[in-house]
Protein chains: 2
Amino acid sequence: MRSAYVNGLYLPHGQAAVHIEDRGFQFADAVYEVIAVQHGHLIDREGHFDRLERSLSELDIPMPMTRRALNVVAAELLRRNSIRFGSLYIQVSRGTAPRDFPFPKDIQPTLVMTAKRLKPFDFTRQAVGVNVITIPDIRWKRCDIKSVGLLAGAMGKTRAQAAGAFEAWQVDDAGMITEGAASNAWIVTADGVLVTRHTDAFILAGITRQTILKLVADEGLGFEERAFSVAEAKGAREAFTSSSTAFIRPVVRIDGDAVGDGRPGPLCLKILELYGRYMEPRA
Amino acid sequence: MRSAYVNGLYLPHGQAAVHIEDRGFQFADAVYEVIAVQHGHLIDREGHFDRLERSLSELDIPMPMTRRALNVVAAELLRRNSIRFGSLYIQVSRGTAPRDFPFPKDIQPTLVMTAKRLKPFDFTRQAVGVNVITIPDIRWKRCDIKSVGLLAGAMGKTRAQAAGAFEAWQVDDAGMITEGAASNAWIVTADGVLVTRHTDAFILAGITRQTILKLVADEGLGFEERAFSVAEAKGAREAFTSSSTAFIRPVVRIDGDAVGDGRPGPLCLKILELYGRYMEPRA
């Protein structure tokens, strides 16, 4: 039977619950991470834990347990659910307290973990091009905090789905793409330069984004971290998205307009290959 | 023992829970209302229900039950908790579904209600002036939807509390005050004009705000619905806040600067008196 972890207990998934006055439920006063599992390993685990710590710290929520303990719980949850390929979801909320806006003091954070099985990474499946649409970015101004305040993202993904697209790229008031509803956005410009937006309060510093930049640098390939407009993206040679569990997906159409020749581009496929190799277990 | 209502059941408050995959907990995909209870009556009940319906409709979430049924549950919850003066909290989330960004179809909304006892409205206590601070408005661009995505508001109220203030008034990029973290903002200008911000996507259309406008109009007093700057507020004769459960509070300092003579203003006190009378049971 599927198990979930809630505040010290491994529970049957269907019975896993939090109190109605958990601040995650009443105030979106909670943060989360989703980590890919490949060959039983948590991909970029330390990067995700670093970001979890940072999100919590920005909100003055203490870590619910040490990293070592988080590792133990994660491993046990994967074991109980027999998951070697899939994803691990970690949510930490400030905890339960009588409803009141200010952060209450001295309460215990709520820690929830779930795990689910997914198909293993498969280059051929990943290499299929996807469409994206562009939508106004209506999110708050602290997107660097990975909070569960995801309603704008859920609305965006719903619009994308209705349009037959994989993702919605969000556009700020200046016409620049910030990021996807649940992924980072990349282009290879008409001049062949790999570009992804710089990190600031308006996007989440993607862990997969960071890993791609490292892999690209290791290959001696250049890149720029800067904002790019919808027009530049539509005139790009290539485009793609990155996220921890959808990995890398070539983008072949933006708002219905073909990117480049309308097929997955060579640099994107090269990076996808590098990323697939990166996730293989090392000797 | 204190009771809460969750999806058809009246439960001991301490045992009232929602599933960890409730979208209210994982995506802030939920809306809410807080209604004042005076003399056993829900103040502006229909206005709150109208707004609840609108918030849900904007998010394509169905009403969890008819208004008549909501009324029955609310009355029963007040009865079980013996509450004649206090507040009723209603939260509706999209429901529980395996975690995925797009709105899932055909799931049952989650309905949670809690009630708590508060002191009856008291003119003398309400008439005590409070301080506010101003902070940047970092919220999303759909503040007209009363969603539980309240982390920015919680951060703002925490800052206010740390500064010894009652409320934080949020300021947009143009230097205009939008609203408080959990209340609407009002001033009486240097020229004696009552002003509160017009409603649009950047503020919540307060029910108490709307009632005040009606009461003021009934008295033949004028008002303007328009944006005002921090400078105009600091140079105002009077200022005050309004919300459903804090009612009306005179604001006597903004960022430490005295408003007018630093004491609750006559128009604010007049409106407070009208509002108190409005909440008395009618024959």
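Calculation rules
Residues numbered from 1 in each chain as written. Chains lettered and ligands numbered in written order. Predicted model: local features only at pLDDT ≥ 70, side-chain atom pairs only at ≥ 80, totals over all residues. Heavy atoms only, no water. Helix = DSSP H or I, 4+ residues; strand = E, 2+ residues; numbered from the N terminus. Rg over C-alpha atoms; globule rule 2.2 N^0.38 Å. Buried < 20%, exposed > 50% of the residue type's maximum accessible area, 1.4 Å probe, protein only. Contact = heavy atoms within 4.5 Å. Areas by Shrake-Rupley, 256 points an atom, 1.4 Å probe, with all protein chains shown as cover. Lys, Arg positive; Asp, Glu negative; His and termini not counted. Charge placed at Lys NZ, Arg CZ, Asp CG, Glu CD. Least-squares fit on C-alpha atoms with pLDDT ≥ 70 in both. pLDDT = per-residue confidence, 0-100. Domains from an automatic or database assignment. Buried area = accessible area lost by both parts, 1.4 Å probe. Polar contact = N/O pair within 3.5 Å; in protein donor to acceptor, adjacent residues only side chain to side chain. Nonpolar A, V, L, I, M, F, W, Y, C, P; charged D, E, K, R; others polar. Salt bridge = Lys/Arg side-chain N within 4 Å of Asp/Glu carboxyl O. Expected span 1.5 Å × (residues − 1). Pairing = 2+ DSSP bridges. Axes fitted to C-alpha atoms, helices over the stretch in contact; angles between N-to-C directions.

Chemist: What exactly am I supposed to notice about the overall build of chain A here?
Modeler: Secondary structure summary: chain A contains eight helices and 17 strands in total. Taking 19 Å as the expected radius of gyration for a compact globule of 283 residues, we find that chain A reaches 19 Å, a close match to that expectation. Here the C-alpha coordinates of chain A stretch approximately 55 × 45 × 35 Å along the principal axes. Relative to its full complement of 283 residues, chain A shows a buried share of 57%. Residue pairs in contact within chain A that sit at least 24 positions apart in sequence constitute 70% of those at least 6 positions apart. In the form shown here, chain A has an accessible surface area of approximately 11,400 Å², with 52% of it arising from carbon and sulfur atoms. The centroid of the 35 positive side-chain charges in chain A is displaced by 6 Å from the centroid of its 33 negative side-chain charges.

Chemist: What should I look at first to understand the relation of the copies chain B and chain A in this one?
Modeler: Each of the two chain copies can be generated from the other by rotation about an axis followed by a shift along it. Overlay of chain B on chain A (RMSD 0.0 Å): rotation 180 degrees, translation along the axis 0.0 Å. Here the copies are linked by what is in effect a two-fold axis. Here 100% of the contact residues of chain B are again contact residues in chain A; the copies associate through an equivalent surface.

Chemist: Is there a simple way to think about the confidence of the model for chain A in this case?
Modeler: Parts of the prediction with low pLDDT should not have their coordinates interpreted in detail. For chain A, mean pLDDT is 97; residues scoring 70 or higher make up 100% of the total. Listed scores for the predicted complex are pTM 0.97 and ipTM 0.97.

Chemist: Where do I start with the domain arrangement of chain A in this structure?
Modeler: Frequently, the measure chosen for interface size is the accessible area that the parts lose on association. All names here are of chain A. Each domain of chain A was delimited in the assignment, giving domain 1 (3-117) and domain 2 (123-278). The gap between the C-alpha centroids of domain 1 and domain 2 is 26 Å. Carbon and sulfur atoms supply 60% of the area buried between domain 1 and domain 2, which totals about 1,500 Å² over both sides. In terms of surface lost to domain 2, no three residues of domain 1 exceed Tyr32, Asp44 and Arg51, which account for 40% of the buried area on that side. The interface formed by domain 1 and domain 2 holds nine residue pairs in polar contact (both at pLDDT 80 or more) in total. The set of elements that each furnish at least two residues to the side of domain 1 that touches domain 2 consists of β4 (30-38), α2 (45-58) and β6 (86-93). Residues belonging to the side of domain 1 that touches domain 2 are distributed by class as follows: 10 nonpolar, seven polar and five charged.

Chemist: Explain the interface of chain B and chain A here, please?
Modeler: In this assembly, 53 residues from chain B lie in contact with 53 residues from chain A. Here chain B and chain A share an interface that buries about 4,500 Å² over both sides, 66% of which is from carbon and sulfur atoms. Our enumeration of links across chain B and chain A arrives at two salt bridges. Where B:Lys141 meets A:Asp173, a salt bridge forms, and the shortest distance between an N and an O atom there is 3.0 Å. Across the chain B-chain A interface, the total number found is 21 residue pairs in polar contact (both at pLDDT 80 or more).

Chemist: What exactly am I supposed to notice about helix α5 (residues 151-162) of chain B here?
Modeler: Every α-helix carries 3.6 residues per turn, so stepping three or four residues along brings you back to the same face. Under the 1.5 Å per step criterion, the end-to-end length of α5(B) is 16 Å for 12 residues, consistent within 8% with the ideal 16 Å. When we look at burial in α5(B), the residues that qualify are B:Leu151, B:Ala152, B:Gly153, B:Ala154, B:Met155, B:Gly156, B:Lys157 and B:Ala160. Looking at the packing, one finds that the buried side of α5(B) touches α1 (23-27) of chain A together with β8 (130-136) and β9 (167-171) of chain B. With its phi angle positive at about 70 degrees, B:Gly164 sits one or two positions after the end of α5(B).

Chemist: For this particular structure, what's the right way to read the sheet that holds strand β7 (residues 110-117) of chain B?
Modeler: Strand pairing in a sheet takes place through backbone hydrogen bonds and is either antiparallel or parallel in direction. All names here are of chain B. With respect to topology, six strands assemble into an open sheet ordered β2-β1-β7-β6-β4-β5, the strand pairing being antiparallel. Sheet topology places β2 (9-12) and β5 (41-42) at the edges, where each strand pairs with a single neighbour. Both strand β1 (residues 3-6) and β7 contribute to a ladder of two bridges, which runs antiparallel. Paired with Val6 across the two strands is Val112, which belongs to β7. Helix α2 (residues 45-58) rests against β4 (30-38), β5 and β6 (86-93) of the sheet, and its axis sits at about 175 degrees to β4.

Chemist: Mind showing me how you'd approach unusual backbone geometry here?
Modeler: The bulk of non-glycine residues show a negative phi, and the bulk of peptide bonds are trans. One non-glycine residue, A:Asp255, lies in positive phi territory at about 50 degrees. Within the element layout of this structure, A:Asp255 appears in the loop between β16 (247-254) and β17 (257-258). Phi is positive for B:Ser82, which is not a glycine, with a value near 50 degrees. Relative to the assigned elements, B:Ser82 resides in the loop between α3 (67-80) and β6.

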